[in-house]
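Architecture and fold: a report
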Amino acid sequence: MKITILDKKPDEEDEIIVKCEFLDEGITKLLNQLKNGNSKINFYKNNQIHLVEKNEVLYFESVDDKVFAYTQKEVFETKLKLYELEEILPERIFFRANKAVIVNIDKIESLSPAFSGRFEAVLKNGYKVIISRNYVPKLKELLEF
């Protein structure tokens, strides 16, 4: 993929042009992120709405048909499902670790191999997440190892 950035004239509007043979899923997600342009997500706690920066979230977890976002200090609920979060989160930073968890790769402190081809990730808050063997190849791709 080639990226070209050009200076614009003062009277021109900012413009993004996408040239591609076909719109694949990766390009569509990127375009959605550009359109949304929002670095914050609405979360709920104690009947209040909290706006939290995406990069503050360590991980998302689905428990009993509810999805929770865990930051260093707090736990929030979101009305979004995990698959909906996958569509709006930066895919180079957040990845699906197992069927119930999405992890912020920047918040992983250490990784170690686990039983049956799985990995165990220790996050910066000490929480341990099992990365199922189905998602290990994606993790390796993101970490480039």
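Our next topic: the overall build of the protein. Looking only at helices and strands, the protein features 3 helices and 10 strands. Beginning at the N terminus, the succession of helices and strands in the protein can be written as α-β-β-β-β-β-α-β-β-β-β-β-α. Evaluated residue by residue, the protein yields a buried proportion of 28% over its 145 residues. Counting only contacts in the protein whose residues sit at least 6 apart along the sequence, the fraction spanning at least 24 positions is 38%. Each charge class in the protein was averaged separately, 23 positive and 25 negative side chains, and the resulting centres sit 5 Å apart.

With phi around 55 degrees, N46 is a residue other than glycine that occupies positive phi space. Locating N46 in the fold gives a position in the loop between β1 (40–45) and β2 (48–53). N46 sits in the exposed class, given a relative accessible area of 65%. Non-glycine residue N47 carries a positive phi angle of around 60 degrees. One can find N47 in the loop between β1 and β2.

Further remarks concern a negative patch on the surface. Taken together, the side chains of D11, E12, E13 and E15 make up a negatively charged region of the molecular surface. Turning to its location among the elements, E15 is positioned in the segment before α1 (25–36).

Ranked by internal contacts, the top residues of the largest apolar core, which has 17 residues, are Y59, F95, A97, V103, I108, L123 and I131. Secondary-structure elements contributing two or more residues to this core are β3 (57–63), β6 (94–98), β7 (101–104), β9 (119–123), β10 (128–131) and α3 (136–143). Excluding residues within four positions of it along the chain, A97 makes contact with V103, V129, I130, I131, S132 and Y135.

Moving on: the environment of G117. If you trace the backbone, G117 turns up in the loop between β8 (108–113) and β9. In this structure G117 comes out as partly exposed when scored by relative accessible area, which is 45%. Separated by 14 residues in the primary sequence, G117 and I131 place their C-alpha atoms 9.2 Å from one another.

Close approach of charged atoms lets side chains of opposite charge pair. A complete count under the given rule lists 4 salt bridges for this structure. The shortest N-O distance in the salt bridge between D14 and K8 comes to 3.9 Å. Notably, a salt bridge pairs E74 with K45, separated by 3.1 Å at the nearest N-O pair. Placement of the pair is E74 in the loop between β4 (66–71) and β5 (75–78) and K45 in strand β1, with a sequence separation of 29 residues. You can call E74 partly exposed: its relative accessible area is 33%. A relative accessible area of 25% places K45 in the partly exposed class.

Pairing analysis gives 6 bridges linking β1 to β2, with the strands arranged antiparallel. What sits directly across from K45, in β2, is Q48. As consecutive antiparallel partners, β1 and β2 are separated by 2 residues, and within that stretch N46 has a phi angle of approximately 55 degrees, a positive value.

Once that is clear, we can look at α3. Within α3, the full set of buried residues consists of V136, L139 and L142. Viewed along the axis of α3, the buried residues span an arc of 120 degrees, placing them on a single side of the element. Close packing links the buried residues of α3 with β6, β8, β9 and β10. Looking at the residues trailing α3, positive phi occurs at E144, about 55 degrees.

Cut-offs and rules
- The residue count restarts for each chain, going from 1 along the sequence in the order it is written.
- Per-residue local features are limited, in this predicted model, to residues with pLDDT of at least 70; the limit for side-chain atom pairs, both in listing and counting, is 80 or more; totals at the level of whole chains, interfaces and linings are taken over all residues.
- By convention in this description, side-chain values take in all heavy atoms of the structure and omit both hydrogens and water.
- By the criteria applied, helices consist of DSSP H or I runs no shorter than four residues and strands consist of E runs no shorter than two, each listed in order from the N terminus.
- Think of it in three bands: residues with accessible area under 20% of the maximum for their type are buried, residues over 50% are exposed, and the middle band is partly exposed, with areas taken using a 1.4 Å probe on protein chains only.
- Every residue pair with non-hydrogen atoms within 4.5 Å of one another is taken to be in contact.
- The convention is simple: Lys and Arg are positive, Asp and Glu are negative, and His and the chain ends are not counted.
- In plain terms, the charge of a residue is placed at NZ if it is Lys, CZ if Arg, CG if Asp and CD if Glu.
- Surface patches are drawn from residues lacking salt bridges whose relative accessible area is over 30%; two like charges belong together within 9 Å, two nonpolar side chains (Val, Leu, Ile, Met, Phe, Trp, Tyr) within 5 Å.
- Exposure was quantified through the Shrake-Rupley algorithm and a 1.4 Å probe, taking into account, for residues, occlusion by the shown protein chains and nothing else.
- Definition used for salt bridges: Asp or Glu carboxyl oxygen within 4 Å of a side-chain nitrogen of Lys or Arg.
- Throughout, nonpolar core names a set of buried Ala, Val, Leu, Ile, Met, Phe, Trp, Tyr and Cys residues whose side chains join them through atoms within 4.5 Å.
- Two strands qualify as a pair provided DSSP detects at least 2 bridges between them.
- Our arc is simply the arc of the directions from the helix axis toward the C-beta atoms.

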